[in-house]
Amino acid sequence: MLHVLRSQRLRWRWGDSAVGAGGLGSQPGSEMASLPPRGLVPPLLWGLSLFLSLPGPVWLQPSPSPQSSPPTELHPCHTCRGLVDSFNKGLERTIRDNFGGGNTAWEEEKLSKYKDSETRLVEVLESVCSKSDFECHRLLELSEELVESWWFHKQQEAPDLFQWLCSDSLKLCCPSGTFGPSCLPCFGPCARCSGPEESNCLQCKKGWALHHLKCVDIDECGTERASCGSNQFCVNTEGSYECRDCAKACLGCMGAGPGRCKKCSPGYQQVGSKCLDVDECETEVCPGENEQCENTEGSYRCVCAEGYKQMEGVCVKEQIPESAGFFSEMTEDELVVLQQMFFGVIICALATLAAKGDLVFTAIFIGAVAAMTGYWLSERSDRVLEGFIKGR
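Just so it is clear, the structure is predicted and the values come from calculations on it, not from any experiment. (Residues numbered from 1 in each chain as written. Predicted model: local features only at pLDDT ≥ 70, side-chain atom pairs only at ≥ 80, totals over all residues. Heavy atoms only, no water.)

1. Brief notes about the overall build of the chain
Tallying secondary structure elements over the chain gives 10 helices and 14 strands in all. Residue burial in the chain is summarised as follows: out of 392 residues, 21% are buried. Intrachain contacts of the chain at a sequence separation of at least 6 include 28% that bridge at least 24 residues. A total of about 29800 Å² of accessible surface is found on the chain, and carbon and sulfur atoms cover 57% of it. (Helix = DSSP H or I, 4+ residues; strand = E, 2+ residues; numbered from the N terminus. Buried < 20%, exposed > 50% of the residue type's maximum accessible area, 1.4 Å probe, protein only. Contact = heavy atoms within 4.5 Å. Areas by Shrake-Rupley, 256 points an atom, 1.4 Å probe, with all protein chains shown as cover.)

2. A short note on the state of the cysteines
One pass over the structure, following the stated rule, counts 15 disulfides. What pairs with C246 in a disulfide is C253, and their sulfur atoms sit 2.0 Å apart. Because the torsion about its S-S bond is -80°, the bridge between C246 and C253 counts as left-handed. Residue classification places C253 among the buried residues on the basis of a relative accessible area of 6%. A disulfide bridge connects C281 with C293, and the sulfur atoms are separated by 1.9 Å. Because the sign of the S-S torsion sets the handedness, a value of about -70° for the bond joining C281 and C293 places this disulfide among the left-handed ones. (Disulfide = S-S within 2.5 Å.)

3. Remarks on helix α5 (residues 118-126)
With 7 of 9 residues buried, α5 is to be regarded as a mostly interior element. Taken together, the buried positions of α5 are R120, L121, V122, E123, V124, L125 and E126.

4. Structural notes on the packing of α5 against helix α6 (residues 134-154)
For the pair α5 and α6, the least separation of the axes is 11 Å and the interaxial angle reads 150°. The angle between α5 and α6 falls in the class roughly antiparallel. Of the two elements, α5 crosses α6, and the hand of that crossing is right-handed. Packed against α5, whose contacting residues are E118, R120, L121 and L125, the element α6 presents L140, E144, V147, E148, W151 and F152 at the interface. The class makeup of the residues in the contact of α5 with α6 is 6 nonpolar, no polar and 4 charged. (Axes fitted to C-alpha atoms, helices over the stretch in contact; angles between N-to-C directions. Parallel < 35°, antiparallel > 145°, perpendicular 65-115°, else oblique. Left-handed = near helix turned anticlockwise from the far one by under 90°. Nonpolar A, V, L, I, M, F, W, Y, C, P; charged D, E, K, R; others polar.)

5. Some remarks on the environment of C246
Take C246: it is sitting in the loop between β8 (240-245) and β9 (268-271). Sequence spacing of C246 and G229 is 17 residues, and the spatial spacing of their C-alpha atoms is 9.9 Å. Discounting chain neighbours no more than four positions away, the residues touching C246 are N231, Q232, F233, G252 and C253.

6. A look at the pairing of strand β11 (residues 291-296)
One ladder, built from 6 bridges, connects β11 with strand β12 (residues 299-304); its direction is antiparallel. By the bridge assignment, E294 is partnered in β12 with R301. Where β11 folds back on β12, the antiparallel hairpin that results is connected by 2 residues, among which G298 adopts a positive phi of roughly 80°. (Pairing = 2+ DSSP bridges.)

7. Quick notes on the environment of E318
Its place among the elements puts E318 in the loop between β14 (314-317) and α8 (332-355). In sequence terms E318 and G307 are 11 residues apart; their C-alpha atoms lie 5.9 Å from each other. Residues within four places of E318 in sequence aside, it is in contact with G307, Y308 and K309.

8. A word on the packing of aromatic side chains
According to the stated counting rule, one finds 2 aromatic pairs in the structure shown. Their ring planes at 80° and their centres at 6.3 Å tell us that F87 and W151 sit as a pair that is edge-to-face. In this pair, F87 is assigned in helix α3 (residues 76-97) and W151 in helix α6, connecting sequence segments 64 residues apart. Aromatic rings pair up to connect F87, W150 and W151 into one cluster. It is R81 that lies over the ring of F162; its NZ or CZ is 3.9 Å from the centre. Sitting over the face of the ring of Y308, K317 holds its NZ or CZ atom 5.5 Å from the ring centroid. (Phe/Tyr/Trp six-rings, centres within 6.5 Å; stacked < 30°, edge-to-face > 60°. Lys NZ or Arg CZ within 6 Å of the ring centre and 35° of its normal.)

9. Here's the deal with the nonpolar core
Core analysis: the biggest nonpolar cluster contains 24 residues, and F87, W150, L161 and L165 have the highest contact counts within it. Those elements that place two or more of their residues in this core are α3, α5, α6 and α7 (161-169). Leave out the neighbours within four places in its chain, and W150 touches F87, Q155, A158, P159, L161 and W164. Formed by 9 residues, the second largest nonpolar core is a distinct cluster that contains C246, A249, C261 and C264. (Core = buried A, V, L, I, M, F, W, Y, C linked by side-chain atoms within 4.5 Å.)

10. Description of the side chain of E280
Here E280 lies in the loop between β10 (274-277) and β11. There is no salt bridge for the buried E280, and the closest opposite charge comes from K248, which lies 10 Å off by N-O distance. (Lys, Arg positive; Asp, Glu negative; His and termini not counted. Salt bridge = Lys/Arg side-chain N within 4 Å of Asp/Glu carboxyl O.)

11. Some words on the confidence of the model for the chain
Residues of the chain with pLDDT of at least 70 account for 59%, and the chain-wide mean is 75. Predicted confidence is poor over residues 10-35, with pLDDT under 50, and the contacts of this stretch with residues over four places away or in other chains come to 3 contacts. For residues 56-71, every residue scores under 50 in pLDDT, and the model assigns this stretch 1 contact once sequence neighbours within four places are set aside. (pLDDT = per-residue confidence, 0-100.)

12. A short note on unusual backbone geometry
Notably, C183 is not glycine yet its phi reads approximately 55°, a positive angle. Take C183: it is sitting in the loop between β1 (178-179) and β2 (184-185). Its identity is not glycine, yet N290 carries a phi of approximately 60°, on the positive side. When you line up the elements, N290 lands in the loop between β10 and β11. Of the residues examined, N290 reaches a relative accessible area of 27% and is grouped as partly exposed.

Rendered as structure tokens:
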């Protein structure tokens, strides 16, 4: 379709013309040149051949023709890159030439329609290749449908026509950052290169600058490319930069630490070349009763003195609880064990007293009484012993 439109536009522009090819006829009345007498022809031919065989002056001798070298054939990638570059120039030219009449409202309305129109595409393709560039014309014929597809459908998702057409679609060029028929990777920061070495770079990645075919890191911190906050400082990295926070002592800084401050923060003071913390506790800054000052980084705070605690904004003396006795801190299990030990001691004492008596029946009687008493007290033994231990 685009090929037909381009042909029609060329006919409209130049018009149809035909060149007649008529033969050259002999003019009437012309006379034939007079010929020399037949007898003089052989001597004249002999003299002419002798003259031509003699060496003539240097300036009359033909100069040797220079040895012509065969024309170097461009790589298809170069042809594709040239086609894309010419196409982009055509886009700039068409958007500039078709508008600028002064009617802004009309231009905005028409420009939005013309910008991505088929008319503009045809105008650009008409002049994308020079008349003598056969390779460009051949490549354009092969890729015209792809260019048309990109123009109407792929511009937004693939704004780089060279990458989309030459690398991704036609596979004529290696992807960015590679080189050669096998598309080997370039050296580090090279975006385009002619070989694997550091000195083979043709174009550098973002954050690098090309210098003598080498990519040199750009120091964004020394230029206006870096954009850091008012209380940050810039640190250059390979191909980029970082913004880091200033020290707490600084209001604006030129680097890390309290010695690179532009101005000291409140609570700090300039001591030599550094901003150091002010000890506010050297003066009486805590007016409350039983309060004491505690210095902090860049400030201070008021806390209650030792032995006092804060209650409702006032430091009051802490109450120390009185001791409740030895048995008050014992657990229930410890009390049970202590009860069993107590009854055991009582029974042993009774048995010892009975054994020292004169009569055996006395010992048996005392033992029986002790057993009956223990059995009778078993139900209330816990309560009785607990009251005894606690003094109740």
